[in-house]
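What the coordinates show
Residue-level listing of the chains:
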Amino acid sequence: MTAAQPHEATVSAERAARARGRIERWGLLALLGLPALGLCELAAHVYFSGRTPDFDAWREVKAPLEAMKRPGDLVIVAPAWADPAARRALGDELMPLRDAARPDETRYAAAVEISVLGERAAELEGFREEARQEHGRFVLRRLVNPSPARVVHDFVDHVAPPSADVRLSEPPAACRWNPRARIAAGGLGGHPTFPAERFECPGGVFFNVGVTVIADEEFRPRRCIWSHPPRTGEIVTRFRDVPLGAVIRGHAGMYWIIERELAGAPVTLSVRVNGEAVGEATHVDGDGWAPFEFPLGVHAGAARAEVEFAVRTTDYAHRHYCFEADTR
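Description of the structure in this document.

Parameters at a glance
- Residues numbered from 1 in each chain as written.
- Predicted model: local features only at pLDDT ≥ 70, side-chain atom pairs only at ≥ 80, totals over all residues.
- Heavy atoms only, no water.
- Pairing = 2+ DSSP bridges.
- Helix = DSSP H or I, 4+ residues; strand = E, 2+ residues; numbered from the N terminus.
- Axes fitted to C-alpha atoms, helices over the stretch in contact; angles between N-to-C directions.
- Buried < 20%, exposed > 50% of the residue type's maximum accessible area, 1.4 Å probe, protein only.
- Arc of directions from axis to C-beta.
- Phe/Tyr/Trp six-rings, centres within 6.5 Å; stacked < 30°, edge-to-face > 60°.
- Lys NZ or Arg CZ within 6 Å of the ring centre and 35° of its normal.
- Disulfide = S-S within 2.5 Å.

It is worth spelling out the sheet that holds strand β4 (residues 138-144) at this point. With respect to topology, four strands assemble into an open sheet ordered β1-β2-β4-β3, the strand pairing being mixed. The sheet terminates laterally at β1 (74-78) and β3 (128-135), the two strands that pair on one side only. Across this sheet, the average inter-strand angle for adjacent strands is 20°, counted without regard to direction. Of the pairings in the sheet, the one linking β3 to β4 comprises seven bridges and is antiparallel in character. In the strand pairing of β4, E134 is matched with V139.

Considered for burial, the residues of helix α3 (residues 83-90) that qualify are D83, A85, A86, A89 and L90. End-on, the buried residues of α3 take up no more than an arc of 160°, which puts them together on one face. Turned more than 90 degrees away from the buried face of α3 sit P84 and R88, all of them exposed.

The next thing to look at is the packing of aromatic side chains. What the rule picks out here adds up to twelve aromatic pairs. Ring centres 5.2 Å apart and planes at 75° place the aromatic pair F219 and W256 in the edge-to-face group. Residue F219 is found in the loop between β9 (208-215) and β10 (221-227), and its partner W256 is found in helix α5 (residues 256-261); the two are separated by 37 residues along the sequence. Ring-pair connections join several aromatic residues into one group, and the members of that group are F155, F239, F309, Y321 and F323. A cation over a ring is seen here: R88 above F55, with NZ or CZ 4.4 Å from the ring centre.

To continue, consider the state of the cysteines. The final tally for this structure, using the stated rule, is two disulfides. Each sulfur of the disulfide joining C175 and C201 lies 2.1 Å from the other. A torsion of 110° about the S-S bond marks the disulfide between C175 and C201 as right-handed. In this pair, C175 sits in strand β7 (residues 172-178) while C201 sits in the loop between β8 (198-200) and β9, placing the two residues 26 residues apart along the sequence. A residue is classified by how much of its surface remains accessible, and C175, at 7% relative accessible area, is buried.

As structure tokens, then:
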């Protein structure tokens, strides 16, 4: 052995020791990294599962919804604030305006709930679950109403001649039916849209009767009959040849920005059947989308009747009043 050989052996041993040290350090890092990687995966899962689906993601649920939904079923989204995204993706055929802007859920025999983020529709409490499917971040449930109401006549569907006419009581004046009126929309913070088909009364554009959609105090859409009270007297909408049930039931409210201001005069809705008063409902700012129900007594079950809805107030300023009603 030469003199250099002991030195070379020493260097080789030192290199081997350093290599073992690096391996041990990498092994330790790998060992520590596995739990960290697992935590990152868990955090990513929680993050992505908790994200609201984007607009395009809602299209994924269209085919399974079409398969689950039956004719007449209500489609409802939980949470409610996701409803516009669902309607944009699913279209009017699955979520028509009359359903999206429904007065409540009592008339529906069944509903399909589209749930994200683990939310549930509180308004379907009491409905019985019949079917359930999971599709990615979406959960579909078909729910059956144990006691759906049988609507005999929906007044909102008949605001047009010859079924209806409108008049002012003081001073007496007829309101002209215009099937091609200029559509008027108030924009953000303004009045609801006044439709092309409406009764136009003297006094200005606000004094009309027609079917529109208001945003209620919770900013939910409500399809209803616009009926701004006049300065004096009543604005009266009369329906002819109405088949009656046992009650006249409905809701009334103000456009959201008016409802929240809590600054206007009360508005009273009077309902008369064949000239006889059957009930009154007075709306005060802050009441929200408030229900009313009037038993029809001796008029119950009549095959044909004349029904009037008369709206009045002591101060007509900013009384953006709208109601819906049916007989059941």
